[in-house]
Structures are given as C-alpha cells and as structure tokens.
Amino acid sequence: MNILLLFISPGNTTAKVSRALAERFEENGHTVTLLNIGRPGNRTYTEVDPEIFQSADIIGIGGPVFHLRNLPPLEAFLSNMLPLLNPLTKAFLYVTYGGISSGKALLNLSELLDRFHVPIMGAVKLWAPHFYNRMVYPDLDALLVIDRFISGLEKNDYRPIEPLRLRELFSYQSPKVKIAYYLAEIVGESRKLPITFDANRCKGCQRCVAECPVGALRLYGIPVRDKKKCLYCYHCAIVCPSQAVICPTEKVAEMVKTNVKLLGWEQPRNEIFL
Ligand SMILES: Cc1cc2nc3c(=O)[nH]c(=O)nc-3n(C[C@H](O)[C@H](O)[C@H](O)COP(=O)(O)O)c2cc1C
Ligand code: SF4
Ligand code: SF4
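Below is a short write-up of the structure. Given the structure is predicted, the values throughout are model-derived calculations rather than measurements.

1. Considerations on the overall build of the protein
Moving on, step 1. When helices and strands are tallied, the protein shows ten helices and ten strands.
Moving on, step 2. Expected size for 274 residues packed as a compact globule is a radius of gyration near 19 Å; at 19 Å, the protein falls within 12% of this value.
Moving on, step 3. In terms of its C-alpha atoms, the protein occupies a principal-axis envelope of roughly 60 × 45 × 35 Å.
Moving on, step 4. Pairs at least 24 apart in sequence give 81% of the contacts found in the protein among residues at least 6 apart.
Moving on, step 5. For the protein, the exposed surface amounts to about 13,600 Å²; the carbon and sulfur share of it is 54%.
Moving on, step 6. Of note, the protein has its 32 positive side-chain charges centred 8 Å away from the centre of its 26 negative side-chain charges.

2. Examining the site of ligand 1
Moving on, step 1. Ligand 1 sits among 21 residues. The nearest are Ser 9, Gly 11, Thr 13, Thr 14 and Val 65.
Moving on, step 2. Here an oxygen atom of ligand 1 sits 3.2 Å away from a polar atom, N or O, in the main chain of Ile 100.
Moving on, step 3. With the chains in place, 91% of the 650 Å² that ligand 1 exposes on its own is no longer accessible.
Moving on, step 4. Of all the elements in the fold, those that place two or more residues in the shell around ligand 1 are α1 (13–27) and β4 (90–97).
Moving on, step 5. Of the residues belonging to the shell around ligand 1, the class tally is ten nonpolar, eleven polar and no charged.

3. Some points on the site of ligand 2
Moving on, step 1. Around ligand 2, 13 residues are found, and the nearest of them are Cys 212, Cys 230, Leu 231, Cys 233 and Cys 236.
Moving on, step 2. Considering only residue class, the shell around ligand 2 consists of eleven nonpolar, one polar and one charged.

4. Some thoughts on the side chain of Asn 108
Moving on, step 1. Mapped onto the elements of the fold, Asn 108 is located in helix α4 (residues 105–115).
Moving on, step 2. According to the relative accessible area criterion, Asn 108 is buried, its value standing at 18%.
Moving on, step 3. When residues no more than four places from it in sequence are discounted, the contact partners of Asn 108 are Asn 70, Glu 75 and Tyr 181.

5. Re the packing of helix α3 (residues 72–81) against α4
Moving on, step 1. Taken N-terminus to C-terminus, the directions of α3 and α4 make an angle of 15 degrees; their axes are 10 Å apart at the nearest point. In this view, α3 runs roughly parallel relative to α4, as classed from their interaxial angle. The way α3 lies across α4 gives a crossing that is right-handed. Listed contacts from α4 to Leu 74, Glu 75, Leu 78 and Ser 79 of α3 are Asn 108, Leu 109 and Leu 112.
Moving on, step 2. Taken together, the residues of the contact of α3 with α4 sort by class into four nonpolar, two polar and one charged.

6. A look at the pattern of salt bridges
If charged atoms from side chains of opposite charge come close, those side chains can pair.
Moving on, step 1. Enumeration according to the criterion identifies eight salt bridges in this entry.
Moving on, step 2. Linking Asp 147 and Arg 24 is a salt bridge whose minimum nitrogen-to-oxygen distance equals 2.3 Å. Taken as a pair, Asp 147 in helix α5 (residues 140–155) and Arg 24 in helix α1 lie far apart in primary sequence, 123 residues in all.
Moving on, step 3. Residue classification places Asp 147 among the partly exposed positions, given a relative accessible area of 33%.
Moving on, step 4. One salt bridge connects Arg 207 with Glu 211, and the closest N-O pair in it is separated by 3.0 Å.

Conventions used here
- Along each chain, the written sequence defines residue order, and numbers are assigned to residues from 1.
- Lettering for chains starts from A, numbering for ligands starts from 1, and both go in the order in which the items are written.
- A pLDDT threshold of at least 70 governs which residues receive local features in this predicted model, and a stricter bar of 80 or more applies before side-chain atom pairs are shown or counted, although totals over entire chains, interfaces and linings include all residues.
- For the side-chain quantities, the full set of heavy atoms in the structure was used; hydrogens and water were omitted.
- To qualify as a helix, a DSSP run of H or I must reach at least 4 residues; to qualify as a strand, a run of E must reach at least 2; elements of each kind are numbered from the N terminus.
- A radius of gyration in this sense is built from C-alpha atoms; the matching globule rule multiplies 2.2 Å by the number of residues raised to 0.38.
- Here, residues are in contact when the closest pair of their heavy atoms is within 4.5 Å.
- Using a 1.4 Å probe, the Shrake-Rupley method yields the accessible areas, and only the shown protein chains count as cover for residues.
- Positive charge is attributed to Lys and Arg, negative charge to Asp and Glu, and no charge count is given to His or to the chain ends.
- Note on charges: their place is set at NZ of Lys, CZ of Arg, CG of Asp or CD of Glu.
- We call a residue near a molecule or strand as soon as one heavy atom of that residue lies within 4 Å of the molecule or strand.
- Between N or O atoms, a polar contact is any pair within 3.5 Å; within protein, one atom must be a potential hydrogen donor and the other a potential acceptor, and residues adjacent in sequence are included only when both atoms are from side chains.
- Ten residue types, Ala, Val, Leu, Ile, Met, Phe, Trp, Tyr, Cys and Pro, are classed as nonpolar, four, Asp, Glu, Lys and Arg, as charged, and the remainder, Gly among them, as polar.
- Under the scheme applied here, a residue whose accessible area is under 20% of the maximum for its type counts as buried, over 50% as exposed, and between as partly exposed, the area being computed with a 1.4 Å probe on protein chains only.
- Only the stretch in contact is used when a helix axis is fitted, and all axes are lines through C-alpha atoms; the angle between N-to-C directions ranges over 0 to 180 degrees.
- Should an angle lie under 35 degrees it is considered roughly parallel, over 145 roughly antiparallel, and from 65 to 115 roughly perpendicular; all remaining angles are considered oblique.
- For any pair of crossing helices, the crossing counts as left-handed if the nearer helix is rotated counterclockwise from the farther one by less than a right angle, and right-handed if it is rotated clockwise.
- What counts as a salt bridge is simple: a side-chain nitrogen of Lys or Arg found within 4 Å of a carboxyl oxygen of Asp or Glu.

See below:
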C-alpha cells in the first residue's frame, strides 16, 4: 500500500515519530512518503505534487499539541488538501505532547476529517520530551507503542472506526482539562516570549529561516519575523549556531511546572485508540 505521512513538527519530535512509523511500515512491505508541511516547498498544498495525495491508500496525519490544540497551519493545510484525496483513502492520526494534556487535538482532527468524509482507522498519542529535555527520542516506550499501534491497524484489517465511537474514544480528558481548553488560547497568548535578533552575532547562515515551520522569517541583513505567522515554538532560538536569537527560552520549563501544578501529568502517557 502507498502510505503518506503528513505532519508538522516545529521542534522535530513529531518528525522523529513519523520516521519511526515509516520504518515500521516499510519493514511490512509498504511504500511510505513523508511530507513535512513545515518545510519550504511543502507549506501550502498547491506547492505539493497532487499525485502524492491522490495515490495515497492511507494517510497518517501527525502533529504536536500546542496549548491543548493542533497547530492552526496543520488544520489549514488539511482543510484545503483533504478534498484532493482519493475517496477510498483511509486515515490514522498521531499526536506528540509534552505530557500535561493532549487536549482536544485528536477530537478536533477527527471532526475535520469527518467533514470531508475521510474515514479514520485509529490514532496514537505519544508523550514526548520538551525541547529543553535532551533525552534520546523516540525512546523504547514510544517505539513499542508505535509497533503495537501498527500491529493493531493490521489486525483490524485497516477497518475504519464509526464517527460516534471516535468521538467517544477522543473525549477522554478530565473535566479540569476540558475547562482549561477554553482558556488555553488566552493563557498561551499572554505567555508569548519576546524574540529578537542580535545583528552583531548573526552570521546570516539562514538556518532559522529554512527551519521555521511556517516561513515566518526573512533575511534582510538579519532575520525579520512576521509576528502574525509566528507560532512561538522557539525553534529558531534553539537551532541558531551563533546564539543570535535573543529569547528567554528557559522560561518555558517554568511554565510547564505551573501547568503540571494546575493540571497534573496526563495518564496514561501513551495511548492507542483502535
Ligand atoms: C508553545 C508550546 C505549547 C505547548 N503546549 C502543550 C500543551 O498544551 N500540552 C502538552 O502536553 N504539551 C505542550 N507542548 C509540548 C509539545 O506538544 C511537545 O513538546 C511536542 O512533542 C512538540 O512536537 P514537535 O517537536 O514536533 O514540535 C507545548 C510546546 C510548546 C513549544
Ligand atoms: S519565527 Fe516563530 S514560528 Fe518560526 S521558528 Fe521562530 S518561534 Fe517558531
Ligand atoms: S540561524 Fe542565527 S546566525 Fe543563522 S541567520 Fe538565523 S539568527 Fe542569523
């Protein structure tokens, strides 16, 4: 089968999960195409060869949870692209999250796919380290879950799940998190850290420009940021080899601690929905 893994991954974690999924599918004899929609040339569906969408028997859709949601560019891309899929294409979903709350990411994605009559065969949620945690990822736990998820899809003969049952499966959040969902956007807005560029340090290497998942940076001597497009993922600050991006990223760890105090760690950390 032709499997398309379409994902966004500002910090590269979902990309690593996508590669692990691809390896496992390939071992089982499938052909896999990886489409990272955060890379130049892939950011809008019109830039991508439509054959990639039309030839997919299965589409896996992946992304991280930011403020209890999917990233808006992923949902925007899908809204335009899903009508191009072959009517027989079936989907599965995967999200990575920092462990506090995977929120409504799966539920919202499933509702979006339902609007375009794309059947869903299952989903997997994976705990993943925040960018400041240097652990090797995917770890053994994550690889085992990926393995079990793919075996489960195969065992079910890639059968779609009824939309009503999907709604039930993806409504697993605690009442606390369901309330927090409506506040998360406002809280996220108030927590945006300042991002500026130091002209004396910047070597103009363009790494931040190329790796920004939404193309929010342009180099005019030094990078200039489009604040409206910016996701505040801080990837530019992390990858700059010259420490030219001035941003207090250490504050993210403090924010995570506050979130853990308010919401606790989500249990189970990893989960398969079939
Ligand atoms: C701005 C921001 C908001 C985040 N919000 C959440 C959240 O609401 N819940 C959670 O569990 N993790 C949250 N995370 C953690 C990410 O979901 C997690 O690190 C994810 O694996 C990142 O994937 P990526 O490396 O593919 O971008 C957030 C991370 C960032 C940078
Ligand atoms: S400019 Fe914004 S979206 Fe782009 S990498 Fe930096 S923080 Fe992320
Ligand atoms: S990665 Fe750093 S040095 Fe390279 S262009 Fe961006 S800010 Fe300048």
